[in-house]
Amino acid sequence: MNEEVVHFGPNGTFVGIRTRPSDPDPAKPMLVVLNAGLLHRVGPYRLGVEVARNLARAGFEVFRFDLSGIGDSRSRQGRGASEEVAHQSKAVADVQTALDHLVASTKVKRFVLMGLCSGAYNAHEVAVADARIVGCIFLDGYGYKTKGFLLHHYGARMLSPSRHIGFLRRKLLGHKPKEEVQTDPRAEVFEVEFPPREKVSGELGALAARGTELLFVYTGGTEYFNHRGQFDEMFGHVDFRGRMQLEYYEEADHTYTVLAARAELQHTIERWMTARFG
Amino acid sequence: MRAFFFGNGPRRRFAVHHDAARETADHAVLICAPILQEYMRTHWALRKLATELARAGLPVLRFDYTGTGDSAGDLSDASVQTWVDDVGDAATELRDASGASRVSVVGLRFGATLATLAAAQSLKVRDLVLWDPVVNGADYLATLRRMHRRMLVDPNRFPQSVLDRVGRGQKRHFPSSDDELLGFAVPPPLMKEIEAIDLATSPPRRARRALVLTTHEDSALPGFSDALRDADVAHESRRESDAGDWDAHARIEDALICESIPRSIVTFLGQA
């Protein structure tokens, strides 16, 4: 296994680390790990580094890099740098710049995107826009509170000692829930700052139809997903064509702070990559 | 700004060099980051500090210690002395990259500890900035252990259903082991080495002068100040705002936001 620093983009704007197995196979897709929130490419508790090295030992190339203005990458200059350009649009453009560079500089043509939190949302948006993406690993990605969510949420409270659970508020990761949840009394789902469920569902179906493999991993550390069956309530109507795998780690927190949880995640990722692309 | 690896094999370390914005006196700055979860919290703040120092005319090197960040290995490859050697090696890289012969060091938290130990051994340092230094290793680990226990039962981190089961004495599906500290498995030998650290017994004799910046009360600091005086290290201690909240388990993933400390550091290092 070897690692190299990669500077790419206009004026070397971006910094990334390419981790290569001893015997690279360009027919295998490369895993590209996206920033989790504002954390740099090392990842929460070095998750990015661990994933890269584990997968390299399993025979996959991995690329981790910082989006513009995050970690060691500079902010974009010129077009696309304006504040009016939506943050996510910039992130999608940054990832595509990375993919363009990797296609031009390596023999790899296909990619799997992995992201935690905002990294998962960005992975979804890039995959929708870019057919070079043949797989996605969404860690605590898009999710929608359903009736089942509320039942589990309040059910737990009715049974537990009186304790107030605050919302997850982190400057580095996660997102604030809406202060007021706007709900249509007729709606079955209660959305929290994500694109409409119908839009995301349609896009997931299109990704599966295109042949994209999808791994969804949710933890107990979000405020919007709290039981395994919720995935069916959210996306049960989507035809994933056998290309979807779901894992729910109720006892893991959002950032896999406990090592046993992180080890389980690493195993899941390695098994999935090997089974789908090995 | 240029990122690169230096060293080989298990001692291959990641670094980022910031060129100075303009020609300067023969002087460059090495930044020593915290370890464990504080590394994650402070990356952005230290990059910002590096940018401001470079803008002020000082080339800067940031780097990851052996077994941390993007450097080779993991904590089982690390020891306190390995990390102190990393500081020395990074200073050499900085001299080579910048052409400067005089190196100042800014250390934050355990990075300040390692910088102090390096300057107590063989590293000649022009100016040493110690930002919320970890003076007493045993106190530091005791605080991390307390934070770790609180983190494990934090209702803002784990769902109610899980905490209720834990409260009823059920085993966790993902149990935390004894050598875990806030997201990292710290090997027992490394834990013992950190526990044994008392900077009062290792004053940075090879530093021309030191600036100690603190944002919280630390009962070990007076003893360290005495040691600096006894070792004839010219020094100044200042209390600053920009609280790091280093002992707050609820803030272990909050970015360090600071305004006044970077300005103080740039001003101090800019003095002749």
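Residues numbered from 1 in each chain as written. Chains lettered and ligands numbered in written order. Predicted model: local features only at pLDDT ≥ 70, side-chain atom pairs only at ≥ 80, totals over all residues. Heavy atoms only, no water.

### What to know about the sheet that holds strand β9 (residues 213-219) of chain A
All names here are of chain A.
Working step 1: Sheet architecture is open: eight strands sit in the order β1-β2-β4-β3-β5-β6-β9-β10, paired in mixed fashion. The strands lining the two open edges of the sheet, one partner per strand, are β1 (2-8) and β10 (244-249). Strand-to-strand twist of the sheet, defined as the mean angle between neighbouring strand axes without regard to direction, takes the value 20°.
Working step 2: Relative to β10, helix α7 (residues 259-277) is tilted by about 175°, and along the sheet it contacts β3 (30-33), β5 (111-116), β6 (133-139), β9 and β10. (Pairing = 2+ DSSP bridges. Helix = DSSP H or I, 4+ residues; strand = E, 2+ residues; numbered from the N terminus. Axes fitted to C-alpha atoms, helices over the stretch in contact; angles between N-to-C directions. Contact = heavy atoms within 4.5 Å.)

### As for the packing of helix α2 (residues 80-98) of chain B against helix α3 (residues 110-121) of chain B
All names here are of chain B.
Working step 1: Their axes nearest at 9 Å, the elements α2 and α3 cross at an angle of 75°. With respect to their mutual orientation, α2 and α3 come out roughly perpendicular. Seen from α2, the contacting residues are Val80, Gln81, Trp83, Val84 and Val87; seen from α3, they are Phe110, Leu114, Leu117, Ala118 and Gln121.
Working step 2: By residue class, the composition of the contact of α2 with α3 is eight nonpolar, two polar and no charged. (Parallel < 35°, antiparallel > 145°, perpendicular 65-115°, else oblique. Nonpolar A, V, L, I, M, F, W, Y, C, P; charged D, E, K, R; others polar.)

### Thoughts on the layout of surface pockets
Working step 1: Its boundaries defined by the atoms lining it, the second largest pocket holds a volume of some 460 Å³.
Working step 2: Along the wall of the second largest pocket there are 20 residues; nearest its centre are Arg46, Glu50 and Arg262 of chain A together with Asp74 and Leu75 of chain B.
Working step 3: By residue class, the composition of the lining of the second largest pocket is eight nonpolar, five polar and seven charged. (1 Å grid on protein atoms, 1.4 Å probe; cavity = no way out; pocket = protein on both sides within 12 Å on 5 of 7 lines; lining within 4 Å. Points joined across faces, edges and corners; volume = space filled by probe spheres on them.)

### Examining the interface of chain A and chain B
Working step 1: On the side of chain B, 52 residues touch chain A, which itself brings 51 residues to the contact.
Working step 2: Across the interface of chain A and chain B, roughly 4100 Å² is buried in total on both sides, 54% from carbon and sulfur atoms.
Working step 3: Interface area lost by chain A to chain B is led by Tyr45, Arg46 and Glu251 of chain A, which between them contribute 18%.
Working step 4: Inspection of the chain A/chain B interface yields six salt bridges.
Working step 5: Joining chain A to chain B, the criterion identifies 27 residue pairs in polar contact (both at pLDDT 80 or more).
Working step 6: Broken down by secondary-structure element, the contributors of at least two residues to the side of chain A that touches chain B are β1, β2 (14-20), α1 (47-57) and α7 of chain A.
Working step 7: Taken together, the residues of the side of chain A that touches chain B break down into 22 nonpolar, twelve polar and 17 charged. (Buried area = accessible area lost by both parts, 1.4 Å probe. Salt bridge = Lys/Arg side-chain N within 4 Å of Asp/Glu carboxyl O. Polar contact = N/O pair within 3.5 Å; in protein donor to acceptor, adjacent residues only side chain to side chain.)

### A word on the confidence of the model for chain A
Close inspection of predicted coordinates is inappropriate in any region flagged by low pLDDT.
All names here are of chain A.
Working step 1: Across chain A, pLDDT averages 87, with 83% of residues at or above 70.
Working step 2: Segment residues 79-84 is flagged for pLDDT under 50; beyond a separation of four residues in sequence, or across chains, it makes five contacts in the model.
Working step 3: Counting interchain partners and residues more than four positions distant, the pLDDT-below-50 stretch residues 161-171 has 32 contacts. (pLDDT = per-residue confidence, 0-100.)

### Looking at the nonpolar core
Working step 1: Ranked by internal contacts, the top residues of the largest apolar core, which has 141 residues, are Leu31, Phe65, Leu204, Tyr218 and Phe235 of chain A together with Leu30 of chain B.
Working step 2: If we ignore the near neighbours within four places in the chain, the residues touching Phe235 of chain A are Tyr142, Tyr144, Arg197, Val200, Ser201, Leu204, Tyr218 and Phe240 of chain A.
Working step 3: One finds Ile31, Ala33, Tyr39 and Leu256 of chain B within the second-largest nonpolar core, a separate group that totals 27 residues. (Core = buried A, V, L, I, M, F, W, Y, C linked by side-chain atoms within 4.5 Å. Buried < 20%, exposed > 50% of the residue type's maximum accessible area, 1.4 Å probe, protein only.)

### Quick notes on the pairing of β1 of chain A
Residues and elements named next belong to chain A.
Working step 1: Bridge analysis of β1 against β2 gives seven bridges, and the strand direction is antiparallel. Bridging across to β2, Glu3 finds its partner in Thr19.
Working step 2: In sequence, β1 turns back onto β2 through a hairpin of five residues, with Gly9 there showing a positive phi of about 90°.

### Points about the packing of helix α1 (residues 37-55) of chain B against helix α8 (residues 260-270) of chain B
Residue and element names in this part refer to chain B.
Working step 1: At a closest axis distance of 10 Å, the pairing of α1 and α8 adopts a crossing angle of 35°. You can see that α1 and α8 cross each other, and the crossing is right-handed. Side by side, α1 and α8 meet where Leu49, Glu52 and Leu53 of the first sit next to Pro262, Ile265, Val266 and Leu269 of the second.
Working step 2: Among the residues making up the contact of α1 with α8, the classes are represented as six nonpolar, no polar and one charged. (Left-handed = near helix turned anticlockwise from the far one by under 90°.)

### Quick word on the pattern of salt bridges
Between side chains of opposite charge, a pair can form when the charged atoms approach closely.
Working step 1: Scanning the model with the defined rule gives 35 salt bridges over all chains in all.
Working step 2: The residue Asp127 of chain B makes a salt bridge to Arg126 of chain B at a minimum N-O spacing of 2.8 Å.
Working step 3: Look at Arg126 of chain B and you get buried, because its relative accessible area is 9%.
Working step 4: Put simply, Asp127 of chain B and Arg209 of chain B hold a salt bridge, and the shortest N to O gap is 2.9 Å. With Asp127 of chain B in strand β6 (residues 125-131) and Arg209 of chain B in strand β9 (residues 207-214), the pair connects residues that are 82 residues apart, well separated along the chain.
Working step 5: Given a relative accessible area of 16%, Arg209 of chain B falls into the buried group.
Working step 6: Among the charged side chains, a salt-bridge network with shared partners connects Arg41, Arg64, Asp66 and Asp72 of chain A together with Arg62 and Asp70 of chain B.

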